[in-house]
Amino acid sequence: MKIGVFDSGYGGLTILDEIRKVLPEYDYLYLGDNARAPYGTHSFEVIYSYTLQAVEYLFRQGCTIVILACNTASAKALRTIQQRDLPGRWRPGEGAAIKEIRNVLGVIRPTVEVVPSVTRTGHVGILATPATVSSESYIMELDKMSEGQTTKMVVSQQACPMWVPLIESGEHLNPGADWFIDKYLRALMAQDPLIDTIVLGCTHYPLLLPKIRKWLTSNRQGKEINVIAQGGLVAESLKDYLNRHPEYRTQLSKGGTCRYLTTENADRFAQSASLFLQAPVSAEQIIIDH
Ligand code: DGL
């Protein structure tokens, strides 16, 4: 059995890369739904149904755990899939023909867990897709982190609807992208000048890190601003999960392989993914059955 890693497009590669550094021994199946990206401007119903189709596809391909390496899917679909879809279809003992156990894990919880230890001012900024921002998942999860503390964290959110399209079209490191980097970072910092920690709440955004860091260096006005990217956090959280759940760990095959699947053109995916991962990648185009 394999570990499935799913994203609307290329963003999940930033998570997969870190997971494979921490857990290189397992076999992985990456699925990018590039043909339907971006997800972050869609409604709940659409994001949920696309995500469920992808998760079911990965389970059919022999995955026992699927990581939603996508904040939008984690914010909009994870809970419903865990509560409504997993129990009926995939839990052990509930269907004679279905023996394997299956689970779906998200990226938001492992990310917010580190925020209190990083921020000094308690003022935190979230950059994410419009769907993740409107879900308020980060605000709710960070509120839970503040429970029992004397001071609550002050959280500001900024939607960045143009960042994912720039990355999906391979324009993200070109000079034209600077305009949109400035637009959203300026808007976030204008909401709360005390922000000292920015969470990249979309798995695509680490691909913009060189430009984000450059902007922060030129505009921080003497302040030190921490930027939290999710890959390493999700990787450590998965490692911990597998340590605590031998029923999953023992089912996983250990060939150290990774197959890349995309719903768009395979050559185009392979070319971009090789650039992002700085390693040769070959990909297969698939059709997700509905
Ligand atoms: N990478 C995804 C995320 O973390 C989604 C981007 C999109 O498709 O809008 O939110």
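Within each chain, residues carry numbers counting from 1 in the order of the written sequence. Predicted model: local features are reported for residues with pLDDT of at least 70 only, side-chain atom pairs are reported and counted for 80 or more only, and whole-chain, interface and lining totals are derived from all residues. Only hydrogens and water are set aside; all other atoms, that is, all heavy atoms of the structure, feed into the side-chain values.

## Description of the overall build of the protein chain
Quick reminder of the rule: Each helix is a run of DSSP H or I of at least 4 residues and each strand a run of E of at least 2, with the numbering of both proceeding from the N terminus. C-alpha atoms define the radius of gyration in this analysis, and the globule rule sets the expected value at 2.2 Å times the number of residues to the power 0.38. Think of it in three bands: with a 1.4 Å probe and only protein chains considered, a residue is buried below 20% of the maximum accessible area for its type, exposed above 50%, and partly exposed in between. Residue contacts follow a heavy-atom distance rule, with two residues in contact if any of their heavy atoms lie within 4.5 Å. All accessibility values rest on the Shrake-Rupley procedure with a 1.4 Å probe; residue burial counts only the protein chains present in the view. Positive charge is attributed to Lys and Arg, negative charge to Asp and Glu, and no charge count is given to His or to the chain ends. For this purpose, a charge sits on NZ of Lys, CZ of Arg, CG of Asp or CD of Glu.
When helices and strands are tallied, the protein chain shows 14 helices and ten strands. A compact globule built from 290 residues should have a C-alpha radius of gyration of about 19 Å, and the protein chain, at 19 Å, falls within 12% of that. Seen along its three principal axes, the alpha-carbon backbone of the protein chain occupies a region of about 60 × 50 × 35 Å. Relative to its full complement of 290 residues, the protein chain shows a buried share of 55%. Long-range contacts, defined as pairs at least 24 residues apart, comprise 79% of the intrachain contacts of the protein chain with a sequence gap of at least 6. In the form shown here, the protein chain has an accessible surface area of approximately 12,800 Å², with 51% of it arising from carbon and sulfur atoms. The distance from the centre of the 29 positive side-chain charges to the centre of the 30 negative ones in the protein chain is 2 Å.

## Some remarks on the site of the ligand
Applicable threshold: By convention in this text, a residue qualifies as near a molecule or strand provided that one of its non-hydrogen atoms is within 4 Å of it. We call two N or O atoms a polar contact when they sit within 3.5 Å, provided that within protein one can donate a hydrogen and the other can accept it, with sequence-adjacent residues counted only if both atoms are side-chain atoms. Three classes are used, and their members are as follows: Ala, Val, Leu, Ile, Met, Phe, Trp, Tyr, Cys and Pro are nonpolar, Asp, Glu, Lys and Arg are charged, and the others, Gly among them, are polar.
Neighbouring residues of the ligand: 13 residues in total, closest S8, Y39, N71, T72 and H204. One of the backbone N or O atoms of N71 is found 2.7 Å from an oxygen atom in the ligand. In this structure, an oxygen atom belonging to the ligand sits 2.6 Å away from a side-chain N or O atom of T72. Relative to its unbound accessible area of 300 Å², the ligand is 99% covered by the protein chains. Partitioning the shell around the ligand into residue classes produces five nonpolar, seven polar and one charged.

## Points about unusual backbone geometry
For residues that are not glycine, phi is negative in most cases, and the peptide bond is trans in most cases. For the bond running from A37 to P38, omega is 0°, close enough to zero to count as cis. With respect to the element layout, P38 can be found in the loop between β2 (28–32) and α2 (44–60). Backbone geometry places E136, a non-glycine residue, at a positive phi of 60°. Positive phi values are uncommon outside glycine, yet Q278 reaches one of about 50°. Its location among the elements puts Q278 in the loop between α14 (266–277) and β10 (283–285). Since its relative accessible area comes to 74%, Q278 is described here as exposed.

## Points about helix α8 (residues 137–146)
Cut-off, in case you're wondering: The directions from the helix axis to the C-beta atoms form the arc being described.
Taken together, the buried positions of α8 are S137, Y138, E141, L142 and S146. One side of α8 holds all its buried residues, which, seen down the axis, span an arc of 170°.

## Here's the deal with the layout of surface pockets
Here is the rule we go by: Space inside and on the surface of the protein is sampled on a 1 Å grid over the protein atoms alone, with a cavity defined as a set of points where a 1.4 Å probe fits but cannot get out and a pocket as an open set with protein on both sides within 12 Å along at least 5 of 7 lines; lining residues have an atom within 4 Å of a point. Grid points are joined across faces, edges and corners, and a volume is the space filled by probe spheres set on the points.
The computed volume of the largest pocket comes to approximately 680 Å³. Lining the largest pocket are 28 residues; nearest its centre among them are L78, Q82, G106, R109 and E141. Listed by contribution, the elements that provide at least two residues to the lining of the largest pocket are α3 (71–76), α4 (78–90), α5 (108–112), α8 and α12 (231–244). Among the elements that take part in the lining of the largest pocket, α12 stands out by supplying six residues, more than any other. For the lining of the largest pocket, the per-class residue count stands at twelve nonpolar, eight polar and eight charged. Of the voids in this model, the second largest pocket is the one considered here, and its volume is about 200 Å³. Lining of the second largest pocket is provided by 13 residues; of these, H172, L173, S272, L275 and F276 occupy positions nearest its centre. For the lining of the second largest pocket, the element with the highest residue contribution is α14, accounting for four residues. Of the residues assigned to the lining of the second largest pocket, the class counts are seven nonpolar, four polar and two charged.

## Details of the nonpolar core
Using the following cut-off: Nonpolar cores are built from buried Ala, Val, Leu, Ile, Met, Phe, Trp, Tyr and Cys residues. Side-chain atoms within 4.5 Å join them into one set.
Core analysis: the biggest nonpolar cluster contains 59 residues, and L13, W163, I198, L242 and Y260 have the highest contact counts within it. Residues in contact with Y260, not counting those within four places in the same chain, are L13, L16, R20, Y30, F269, L277, V281, S282, A283 and E284. Ranked by size, the runner-up nonpolar core spans 27 residues in total, among them F6, Y48, A73 and L86.

## Some points on the packing of helix α10 (residues 177–191) against helix α11 (residues 209–219)
When two helices pack together, their arrangement is captured by the angle between the axes and the distance separating the axes. Applied cut-off: All axes here are fitted lines through C-alpha atoms, helices being fitted over the stretch that makes contact, and every angle between N-to-C directions spans 0 to 180 degrees. In these notes the angle categories are as follows: under 35 degrees is roughly parallel, over 145 is roughly antiparallel, 65 to 115 is roughly perpendicular, and the rest is oblique. Crossing handedness follows the turn of the near helix against the far one: under a right angle anticlockwise gives a left-handed crossing, and clockwise gives a right-handed one.
Closest axis-to-axis distance for the α10/α11 pair is 10 Å, and the angle between their directions is 55°. Looking at the two axes, α10 sits oblique to α11. For the element pair α10 and α11, the recorded crossing hand is right-handed. On the side of α10, the interface is formed by A177, D178, I181, D182, L185, R186 and M189, while α11 contributes K211, I212, W215 and N219. Residue composition of the contact of α10 with α11, grouped by class: six nonpolar, one polar and four charged.

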